[in-house]
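Structural overview
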Amino acid sequence: HNGGFKMRKGYKFEVAAEVVNLDRSILITGDSETFEDDWQGLHTVNIGKSVMDMRYVRVENCGQRDVMGKYCVHFHLSETCPECIFKGLSIVNSAQSAITIHG
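Residues numbered from 1 in each chain as written. Predicted model: local features only at pLDDT ≥ 70, side-chain atom pairs only at ≥ 80, totals over all residues. Heavy atoms only, no water.

1. Points about the packing of aromatic side chains
- A full pass over the atoms with the stated rule returns 2 aromatic pairs.
- Ring centres of F75 and F86 lie 4.4 Å apart, and the angle between their planes is 25 degrees; on these two criteria the pair is classed as stacked. With F75 in strand β7 (residues 73-76) and F86 in strand β8 (residues 85-87), this residue pair connects regions lying 11 residues apart in the sequence.
- We note K12 situated over the ring of F5; from NZ or CZ to the ring centre the distance is 4.9 Å. (Phe/Tyr/Trp six-rings, centres within 6.5 Å; stacked < 30°, edge-to-face > 60°. Helix = DSSP H or I, 4+ residues; strand = E, 2+ residues; numbered from the N terminus. Lys NZ or Arg CZ within 6 Å of the ring centre and 35° of its normal.)

Here's what the structure looks like:
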């Protein structure tokens, strides 16, 4: 591609592309037929002292718009969890915050 700096109408812009591979071999998905109509996707939650380990997973059609606590990936009051891992996630079509950690 033609990267670098370009002048347009007296302004200098950096032209660059970011390429990200969002494909994953493991897919966790909500209902793709109704998601764009009602924005009510799947949600995952780790509560209390349980352990959640998600690595290189694609999560799509997730979260629930205007519903507190229904996030794509959610650590809820988990305190310290050294065994909990979120690594290399690809979150696509989220109706809420993609990852929420609190408590």
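2. A look at the sheet that holds strand β6 (residues 57-62)
- Spatially, the 3 strands line up as an open sheet ordered β3-β6-β9, and their pairing is parallel. With partners counted over all chains shown, the strands left at the sheet margins are β3 (26-29) and β9 (90-94), one partner each. On average, adjacent strands in this sheet sit at an angle of 10 degrees to one another, irrespective of strand direction.
- Of the pairings in the sheet, the one linking β6 to β9 comprises 4 bridges and is parallel in character. (Pairing = 2+ DSSP bridges. Axes fitted to C-alpha atoms, helices over the stretch in contact; angles between N-to-C directions.)

3. Some remarks on the environment of G103
- The topology assignment puts G103 in the segment after β10 (99-102).
- A C-alpha to C-alpha distance of 8.9 Å links G103 and T80, two positions 23 residues apart in sequence.
- Those residues in contact with G103 that sit more than four places away from it in its chain are L77, S78 and E79. (Contact = heavy atoms within 4.5 Å.)

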